[in-house]
Amino acid sequence: MAGKHDYLFDSPRWHEIQTYLGGKRVDLNGREIHGDYQLVKTLATHALDSVHWLEEIGVHFDHDEVTMPVGANWRRGHKPTEALGFAYIKVLGQYVKDHGGQIMLETKVTDLLQDDQGRVIGLKATAADRELTIYARRVILASGGFGANTKMIQQYNTYWPSVADDIATTNAPTITGDGIKLGQQAGAALVGMGFTQMMPVAEPKTGELFSGIQVEPANYLMVNTKGKRFVDEFESRDVLTKAALENGGLFYLIADEKIKNQAYNTGQEQLDQQVAQGRLFRADTLADLAKQIGIDPAVLEATVNTYNGYVAAGKDPDFGKEAFDLQIDQAPFYATPRMPATHHTMGGLKINPQAHVLDEDGRVIKGLYAAGEVAGGLHAGNRLGGNSLADIFTFGRIASETAVAELFD
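Every value quoted in this text rests on a predicted model; they were computed, and no experiment measured them.

1. Some remarks on the overall build of the protein
- On a plain count of helices and strands, the protein comes out with ten helices and 18 strands.
- The globule rule puts the C-alpha radius of gyration for 409 residues at 22 Å, and the 23 Å found for the protein is close to it.
- Looking at the protein as a whole, 49% of its 409 residues qualify as buried.
- For the protein, the proportion of contacts with a sequence separation of at least 24, taken over those separated by at least 6, is 71%.
- If you sum the accessible surface of the protein, you get close to 19800 Å²; carbon and sulfur atoms cover 51% of it.
- A distance of 2 Å separates the average location of the 38 positive side-chain charges in the protein from that of its 52 negative side-chain charges.

Structure, rendered in structure tokens:
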């Protein structure tokens, strides 16, 4: 603080420290896992450059608000003015076309092609009723992780005591680890495959994220099905998930009318629609809200009153929450049902800071690069909220720059 002004402190080094420490975890066998320091340093050093590059090619950001998603540990999120990733897809798709690229939809890569020396020289794919063979000097894998492949998660899992067969996922159904399997064909090493991140605040049936009161944890409290708080709402995603599972899985985000306009998906029309669909509960009193979700009204009222007192005091003696913005005291009141779902897989193909894919002996597989969730080693046992976008845009650019620089090697 300087004078009457508040300033948000951040730096690449602080981002680096938080990412590295935030990823350290211990698996079920007692082994500690931590991120590859050089990958972490590369991410933190170049993340802001990625934002500036996105702006240069046409993505518009809301510079009046720096966000902090669930499990982020720090306020450093840059939010586009258009919602749900559309800003990125629209601009990047046009960028590819403007630079002579071709986007082939409904086309599945089945194999990587390699020469006698093991260099990747192209791929085979299927599209509708035809098979394709595409030769390329360089191949970059950027196909995502395996969060929608429950059997694959169960196969590698070394962190969660169990992963239910019917667990929901926040991922598109296509995120099934295909790129990781392709890398293995070429001899790639895998790293960190046992760690899967659950998103604690997912919709119970669908795994959807962008519904209900999707605002920062400073503006809501979490209660279990008995109407009681059970965790610091600002905790990391795995801590929140474990706390939720220990309380039966299902819980509710409780907020009030003041959350409107706090995020892009809490406008009046969308809230009304979700209430009508039964995905969100709303009432003019806490007692009525409690009845709608099957909770003892007296318990919920006492929980909210206690929490409001903590907000006023700026101190939470129960769970140690340190960031408070709003009390929950203005009708109507809202309850969003939530349950953990599979969200991000930290493991994947082993890469170096130049995004080369490495084999089991740590040697570069010529002609093959990887970026984003298909690669492992960066986030270790836990990814900080917001770091996935920083990851894909930072290492995506690095992979392309390295590939271009090595085109004729």
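This is not the end of the story, as more comes after the structure.
2. Quick look at the side chain of Arg138
- The topology assignment puts Arg138 in the loop between β7 (130–135) and β8 (139–141).
- Put simply, Arg138 is tucked away with no salt bridge, and the nearest opposite charge, on Glu406, sits 4.7 Å away.
- Once you skip the residues sitting within four places of it in the chain, Arg138 turns out to touch Arg119, Gly367, Tyr369, Ala403, Glu406, Leu407, Phe408 and Asp409.

3. Digging into the sheet that holds strand β15 (residues 348–350)
- With mixed pairing, the three strands of this open sheet are ordered in space as β9-β15-β18. At either margin of the open sheet sits one strand with a lone partner, and together these are β9 (190–191) and β18 (375–376).
- Lying on the sheet, helix α5 (residues 178–185) is in contact with β9 and β15; it crosses β15 at an angle near 35°.

4. Side note on unusual backbone geometry
- Note the cis peptide between Ala331 and Pro332, where omega equals 0°.
- At Glu106, a residue that is not glycine, the phi angle is positive and equals roughly 50°.
- Phi is positive for Ala355, which is not a glycine, with a value near 75°.

5. Comments concerning the environment of Asn29
- Positionally, Asn29 belongs in the loop between β1 (25–26) and β2 (32–33).
- Considered as a pair, Asn29 and Thr158 are 129 residues apart in the sequence and their alpha carbons are 7.6 Å apart.

6. Observations concerning the packing of helix α2 (residues 37–57) against helix α10 (residues 387–405)
- For the pair α2 and α10, the least separation of the axes is 8 Å and the interaxial angle reads 85°. Overall, the two elements α2 and α10 adopt an arrangement that is roughly perpendicular. Where α2 abuts α10, its residues Leu39, Thr42, Leu43, His46, Ala47, Asp49, Ser50, Trp53 and Leu54 lie against Asn387, Ala390, Asp391, Phe393, Thr394, Phe395, Arg397 and Ile398.
- Looking at the contact of α2 with α10 residue by residue, the classes come out as nine nonpolar, five polar and three charged.

7. Regarding the packing of α2 against helix α3 (residues 86–98)
- Interaxial distance between α2 and α3 falls to 10 Å at its minimum, and their mutual angle equals 70°. Looking at the two axes, α2 sits roughly perpendicular to α3. For the crossing formed where α2 meets α3, the hand is left-handed. Contacts between α2 and α3 involve Trp53, Leu54 and Ile57 on the former and, on the latter, Tyr88, Val91, Leu92 and Tyr95.
- Grouping the constituent residues of the contact of α2 with α3 by class yields seven nonpolar, no polar and no charged.

8. What to know about the environment of Lys24
- Structurally, the position occupied by Lys24 is in the loop between α1 (12–23) and β1.
- Of the residues examined, Lys24 reaches a relative accessible area of 31% and is grouped as partly exposed.
- Taking C-alpha positions, Lys24 is 7.0 Å from Gly35, a pair spaced eleven residues apart along the chain.
- With sequence-adjacent residues up to four places away left out, Lys24 is seen in contact with Glu32, Ile33 and His34.

9. Considering the sheet that holds strand β17 (residues 364–370)
- The mixed open sheet is built from three strands, whose spatial order is β8-β17-β16. In this open sheet, the two edge strands, each paired with only one partner strand, are β8 and β16 (356–358). Strand-to-strand twist across the sheet, computed as the mean angle between neighbouring axes with direction ignored, equals 55°.
- Pairing of β16 with β17, which is carried by two bridges, proceeds in the antiparallel orientation. Considered in β17, the bridge of His356 is made with Tyr369.

10. Section: the packing of aromatic side chains
- With the rule as written, the count across this model stands at nine aromatic pairs.
- Measuring from centroid to centroid gives 5.6 Å for Phe230 and Phe251, while their planes differ by 70°, and the two rings are edge-to-face. Pair noted here: Phe230 is in the loop between β11 (221–224) and α6 (237–246) and Phe251 is in strand β12 (residues 251–256), with a separation of 21 residues, a long-range link.
- Residue Phe230 is classed as buried on the basis of its relative accessible area of 10%.
- A residue is classified by how much of its surface remains accessible, and Phe251, at 1% relative accessible area, is buried.

11. Comments concerning helix α9 (residues 297–313)
- Here α9 spans 24 Å end to end across 17 residues, near enough to the 24 Å set by a 1.5 Å rise per residue.
- The set of residues buried in α9 consists of Leu300, Thr303, Val304, Tyr307, Asn308, Tyr310 and Val311. The buried residues of α9 all sit within an arc of 160° when viewed along its axis, so they share a single face. Exposed and facing more than 90 degrees away from the buried side of α9 are Asn305, Ala312 and Ala313.

Procedures and definitions
- Residues numbered from 1 in each chain as written.
- Predicted model: local features only at pLDDT ≥ 70, side-chain atom pairs only at ≥ 80, totals over all residues.
- Heavy atoms only, no water.
- Helix = DSSP H or I, 4+ residues; strand = E, 2+ residues; numbered from the N terminus.
- Rg over C-alpha atoms; globule rule 2.2 N^0.38 Å.
- Buried < 20%, exposed > 50% of the residue type's maximum accessible area, 1.4 Å probe, protein only.
- Contact = heavy atoms within 4.5 Å.
- Areas by Shrake-Rupley, 256 points an atom, 1.4 Å probe, with all protein chains shown as cover.
- Lys, Arg positive; Asp, Glu negative; His and termini not counted.
- Charge placed at Lys NZ, Arg CZ, Asp CG, Glu CD.
- Salt bridge = Lys/Arg side-chain N within 4 Å of Asp/Glu carboxyl O.
- Pairing = 2+ DSSP bridges.
- Axes fitted to C-alpha atoms, helices over the stretch in contact; angles between N-to-C directions.
- Parallel < 35°, antiparallel > 145°, perpendicular 65-115°, else oblique.
- Nonpolar A, V, L, I, M, F, W, Y, C, P; charged D, E, K, R; others polar.
- Left-handed = near helix turned anticlockwise from the far one by under 90°.
- Phe/Tyr/Trp six-rings, centres within 6.5 Å; stacked < 30°, edge-to-face > 60°.
- Expected span 1.5 Å × (residues − 1).
- Arc of directions from axis to C-beta.

Functional significance is not addressed by these values, which are geometric in nature.
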